[in-house]
Amino acid sequence: GALGITLSLLAARVSMNFSAMNERDNNMFEHFGREMLRPLPKNARLIVKGDLITNSARYVQRCLHFRRDVQMVDMAMLTYKWFVPVQGANFPGFTWPGTHYHPYEPAGFSMRGLLDANFAADSATPIFLAGGWHEEDFTHDGVYETQPFGIVDEIVKVGAVPFQPRRFLKKVKRALPNITFPPAAMVRESRSHKYPEGRWERVVMKDYYQAHHKVAYALLTWGLSTAERHTAAMHRGQSPPVKETADAVWAFERCVELIEWCVERHPEPVPSFYFRNLGICHQRLWGMQPTKQEHHEAMIRAFRGYIDVGKDDPKVQQEGGFDAVVDIVRKADAGQQVA
């Protein structure tokens, strides 16, 4: 009868949508929280910002009793005047230089003030940051900076330790997150992706690949600054240091490996700057190893990817260097080899 027909229609509807609605194997937030805390040193101090980062880490700590030794404070909660008086004693690893986090209010403290006080009280225990600096507090500029350490970043004093690319990668490699995403999350095409833009799962995936890319970016930044110094030295008639040149080539090669890994796995759309930075790495490698033609070809492929993303994105088109990349590819299409 009518009831049977209705039940049949409902059953068909459930069957059609079950795979889309089934979250049985979705443990992405747990894995994200675990991988955030896993590589941190014992009793590390961690300052967190943002819903995904804060709640994922808090869940695995409080509910799953994972890495309870890490002292984690929420940057947003620090802005409340009641937090330090009420909760401050629960974080014995931290020193509080004021009543609350607000650099522009009486009795408040800035991020620099917080870091100064804590490094002075305990210089041996590192401090990490997840979610980035506060957008309206620039007091750390020129005094403290961050270095990638997996999903989080380690806060260090500017210039305290010279950047050594091989040592840096060896240190941070074990901190890189390793998450096995459910099969539905590994679909590359946006139209058929179970976790499209707007889903928190998509944010997890973006942050996961960005944790790998920012290591590549640190190597790229060092390599570019080193190449500039070498160019200046050659203009003065001096030969650049042989070891530093070899380290720069090594850094660019590792950068290529890291970014290619991200590009091959990141769900579409792949961020434009992945392609741009990959192209720059190959561009520099070709300049340092002109006999290796494969670097020029790989540079053009990466720059094509950058242009392909940017052609529909005005923000990308307004980036410094976009027009130069377009010109490089245009000349390559005409048979010229330029960098």
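Let me begin by describing the structure that accompanies this report.

Conventions and cut-offs
Here the residue numbering is sequential within each chain, running from 1 through the sequence in written order. Where totals are concerned, whole chains, interfaces and linings use all residues; where local detail is concerned, this predicted model gives features only for residues with pLDDT of at least 70, and gives and counts side-chain atom pairs only at 80 or more. To get the side-chain values, take all heavy atoms of the structure and skip hydrogens and water. Only strands that DSSP links by at least two bridges are regarded as paired with each other. Counting from the N terminus, the helices are the DSSP runs of H or I reaching at least four residues and the strands are the DSSP runs of E reaching at least two. What counts as an axis is a line fitted to C-alpha atoms, over the stretch in contact for a helix, and the angles between N-to-C directions run from 0 to 180 degrees. Contact definition: two residues touch when any of their heavy atoms are within 4.5 Å. The span one expects for a helix is its residue count, reduced by one, times 1.5 Å. Cavities and pockets are defined on a 1 Å grid built over the protein atoms alone: a cavity is a set of grid points where a 1.4 Å probe fits but cannot escape, while a pocket is an open set with protein on both sides within 12 Å along at least five of seven lines, and lining residues are those with an atom within 4 Å of any such point. Grid points are joined across faces, edges and corners, and a volume is the space filled by probe spheres set on the points. Here the nonpolar group is Ala, Val, Leu, Ile, Met, Phe, Trp, Tyr, Cys and Pro; Asp, Glu, Lys and Arg are the charged ones; every other residue, Gly included, is treated as polar. For this document, the term salt bridge refers to a Lys or Arg side-chain nitrogen within 4 Å of an Asp or Glu carboxyl oxygen. Partly exposed describes any residue whose relative accessible area lies between the buried limit of under 20% and the exposed limit of over 50%, with all areas from a 1.4 Å probe on protein chains only and scaled to the type maximum.

### Some remarks on the sheet that holds strand E2 (residues 71–74)
Then, number 1: Read from one edge of the open sheet, five strands run E2-E1-E5-E7-E6, paired in mixed fashion. Two strands close off the open sheet at either side, each with one partner strand: E2 and strand E6 (144–149). When strand polarity is set aside, the average angle formed by the axes of neighbouring strands in this sheet is 30°.

### Thoughts on the side chain of Gln289
Then, number 1: Relative to the elements of secondary structure, Gln289 occurs in the loop between helix H10 (272–288) and helix H11 (293–310).
Then, number 2: Beyond its immediate stretch of four places on either side in the chain, Gln289 contacts Val249, Glu253 and His295.

### Concerning helix H13 (residues 322–333)
Then, number 1: Compared with the 16 Å implied by 1.5 Å per residue over 12 residues, the 17 Å span of H13 between its first and last C-alpha is a close match.
Then, number 2: Looking at the packing, one finds that the buried side of H13 touches H10, H11 and helix H12 (314–317).
Then, number 3: Just beyond H13, the residue with positive phi is Gly335, at close to 95°.

### Some words on the layout of surface pockets
Then, number 1: By volume, the largest pocket is sized at about 630 Å³.
Then, number 2: Along the walls of the largest pocket sit 23 residues, with Gln147, Val156, Val161, Phe163 and Phe168 positioned nearest its centre.
Then, number 3: Secondary structure elements with two or more residues in the lining of the largest pocket: E6, strand E7 (152–157), helix H7 (165–173) and helix H8 (200–235).
Then, number 4: Among the elements that take part in the lining of the largest pocket, H8 stands out by supplying five residues, more than any other.
Then, number 5: Roughly 300 Å³ of internal volume is contained in the second largest pocket.
Then, number 6: Looking at the second largest pocket, it is lined by 16 residues, and the ones nearest its centre are Arg58, Gln61, Arg62, Met72 and Phe91.
Then, number 7: Broken down by secondary-structure element, the contributors of at least two residues to the lining of the second largest pocket are helix H3 (51–62), E2 and helix H5 (83–87).
Then, number 8: Residues belonging to the lining of the second largest pocket are distributed by class as follows: seven nonpolar, five polar and four charged.

### Some words on the pattern of salt bridges
Then, number 1: For the coordinates displayed, the defined rule picks out 23 salt bridges.
Then, number 2: Arg34 is the salt-bridge partner of Glu30, the closest N and O atoms lying 3.0 Å from each other. Taken together, the residues Glu30 and Arg34, both in helix H2 (residues 28–37) and four residues apart, mark about one turn of the helix.
Then, number 3: The shortest N-O distance in the salt bridge between Arg254 and Glu257 comes to 2.8 Å. Of this pair, Arg254 and Glu257 both sit in helix H9 (residues 242–265), separated by three residues, roughly a single helical turn.
Then, number 4: Arg254 gets classed as buried once you look at its relative accessible area, which sits at 18%.
Then, number 5: Connected through salt bridges with shared partners, the residues Arg166, Lys243 and Asp247 form a single ionic network.

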